[in-house]
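Residues per chain are reported as follows:
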Amino acid sequence: MTPKRPTACSPEQSAERRARQRWMSALAKAKFGDLDSLWNNLPSKPAWTVIRAPEVGMVMARGRAGGTGARFNIGEVTVTRCAVQLDYGAVGFGYVMGRNKRHAELAAVVDAIMQTPSRREALERAVIAPLCLRQEAARRERGQKAASTKVDFFTLVRES
């Protein structure tokens, strides 16, 4: 049996896929306290049913030497996943590093809502954009901290 070849995505599907990857990444990388406070400030929240209860497991983390070299296994990391279905049918998934089951459930609910075109823009402004801004600020701060410890080595040539 020959393996199935992946089908090409239309430009709309590709844009939709990139958008979902962006918001799922923001949800997965968010600090739980940030996500929880943004969620609690939402004026209306849909009801949902848990399809797959939050469960903790392990995945193998991989890296590349220098960011471009051959792949190697770094080690296992704890991940929590969850799947929910909103009352109006949208299904969402949440995957987060660590053991925070509530974080995985909230990520799944937000993912499901973000797949609802009529609610996406408001949720983008209320939850996703603030999370992305906080993550970018933290990334800049880490970069500045690392840059402040940079040592420039140079060689002095002795005059004879």
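Scroll up to find the structure.
The sections below set out a description of the structure shown in this document. Within any chain, residue numbers begin from 1 and follow the written order of that chain's sequence. Per-residue local features of the predicted model are confined to residues with pLDDT of at least 70, and side-chain atom pairs are confined, for both listing and counting, to 80 or more; whole-chain, interface and lining totals are unaffected and use all residues. The side-chain quantities take in all heavy atoms of the structure and omit both hydrogens and water.

### Focus: the overall build of the chain
Secondary structure is summarised from DSSP: a helix means a run of H or I of at least four residues, a strand means a run of E of at least two, and numbering begins at the N terminus for each. Scanning the chain from N- to C-terminus turns up 4 helices and 3 strands. Here the radius of gyration uses the C-alpha set of atoms, whereas the globule reference equals 2.2 Å times the residue count to the power 0.38. Whereas a compact globule of 160 residues would reach a radius of gyration of roughly 15 Å, the chain reaches 21 Å, over 25% beyond that. Categorising residues by exposure relies on relative accessible area from a 1.4 Å probe, with only protein chains included: less than 20% of the type maximum marks a residue as buried, more than 50% marks it as exposed, and the intermediate range marks it as partly exposed. Buried positions account for 25% of the 160 residues belonging to the chain. For the chain, restricting intrachain contacts to residue pairs at least 6 apart in sequence, the fraction spanning at least 24 positions comes to 55%. Taken as a whole, the chain presents about 11,500 Å² of accessible surface, with 54% of it coming from carbon and sulfur. Here Asp and Glu are counted as negative and Lys and Arg as positive; His is not counted, and neither are the chain ends. A charged residue contributes its charge at one atom only: NZ of Lys, CZ of Arg, CG of Asp or CD of Glu. Here the chain holds 27 positive side-chain charges and 15 negative ones, and the gap between their average locations is 4 Å. For this analysis, residues touch if any pair of their heavy atoms sits within 4.5 Å. For the accessible areas, the method is Shrake-Rupley and the probe is 1.4 Å, while residue cover comes only from the protein chains on display.

### Some remarks on the nonpolar core
Throughout, nonpolar core names a set of buried Ala, Val, Leu, Ile, Met, Phe, Trp, Tyr and Cys residues whose side chains join them through atoms within 4.5 Å. With 26 residues, the main nonpolar core has Leu27, Val127 and Ile128 as its most contacted residues. Listing elements by their share of this core, those giving two or more residues are α1 (11-29), α2 (32-40), β2 (71-86), α3 (101-114) and α4 (117-148). Here this core takes 9 residues from α3, the largest share from any one element. Ignoring any residue separated from it by four or fewer positions in sequence, one finds Ile128 in contact with Arg22, Trp23, Ala26, Leu27, Val110, Met114 and Leu123.

### Some thoughts on the packing of α2 against α4
Note on geometry: axes are C-alpha line fits, over the in-contact stretch for helices, and angles between N-to-C directions span 0 to 180 degrees. Relative to each other, α2 and α4 sit at 150°, their axes nearing to 10 Å. Classed by the angle they form, the pair α2 and α4 counts as roughly antiparallel. As for the relative orientation of α2 and α4, their crossing is right-handed in sense. Contacts between α2 and α4 involve Asp34, Leu35, Ser37 and Leu38 on the former and, on the latter, Ala126, Val127, Pro130, Leu131 and Arg134. Here is the rule for angles: anything less than 35 degrees is roughly parallel, anything more than 145 is roughly antiparallel, 65 through 115 is roughly perpendicular, and the remaining ranges are oblique. Crossing handedness is defined as follows: a turn of the near helix away from the far one that is anticlockwise and smaller than a right angle gives a left-handed crossing, while the clockwise case is right-handed.

### A short note on the sheet that holds strand β3 (residues 91-97)
Think of it this way: DSSP has to see at least two bridges between two strands before they count as a pair. In space, the 3 strands of this open sheet follow the order β1-β2-β3, with antiparallel pairing throughout. Looking along the sheet, the strands with just one partner apiece sit at the ends: β1 (48-64) and β3. Direction aside, the axes of adjacent strands within the sheet are offset by 25° on average. Packing against the sheet, α3 makes contact with β1, β2 and β3, and its axis sits at approximately 145° to β3.

### Some thoughts on the packing of aromatic side chains
Each aromatic ring pair is characterised by the separation of its centres together with the angle its planes make. The aromatic pairing rule takes the rings of Phe, Tyr and Trp, using the six-membered ring of Trp, and pairs them if the centres are within 6.5 Å, calling planes under 30 degrees apart stacked, those over 60 edge-to-face and the rest tilted. Evaluated as defined, the whole model comprises 1 aromatic pair. Two thresholds decide whether a charge sits over a ring: the Lys NZ or Arg CZ must be within 6 Å of the ring centre and within 35 degrees of the ring normal. Above the face of the Trp39 ring, Lys45 is positioned so that its terminal group lies 5.8 Å from the ring centre.

### Details of the pattern of salt bridges
By salt bridge we mean one thing: a side-chain nitrogen of Lys or Arg within 4 Å of a carboxyl oxygen of Asp or Glu. According to the stated counting rule, one finds 9 salt bridges in the structure shown. One network of salt bridges, in which partners are shared, links Arg52, Glu55 and Arg81.

### Observations concerning the layout of surface pockets
Counted as a void, the largest pocket has a volume near 190 Å³. Forming the walls of the largest pocket are Lys29, Ala30, Lys31, Asp34, Leu131, Arg134, Gln135, Ala138, Arg139 and Arg142. Ranked by the residues each element gives to the lining of the largest pocket, the list is headed by α4, at 6 residues. Put simply, Ala, Val, Leu, Ile, Met, Phe, Trp, Tyr, Cys and Pro go in the nonpolar bin, Asp, Glu, Lys and Arg in the charged bin, and everything else, Gly too, in the polar bin. Each residue belonging to the lining of the largest pocket can be placed in one class, and the counts come to 3 nonpolar, 1 polar and 6 charged. Residues are called lining when one of their atoms sits within 4 Å of a cavity or pocket point, these points coming from a 1 Å grid over the protein atoms alone, where a cavity is a set in which a 1.4 Å probe fits but cannot get out and a pocket is an open set with protein on both sides within 12 Å along at least five of seven lines. Grid points are joined across faces, edges and corners, and a volume is the space filled by probe spheres set on the points.

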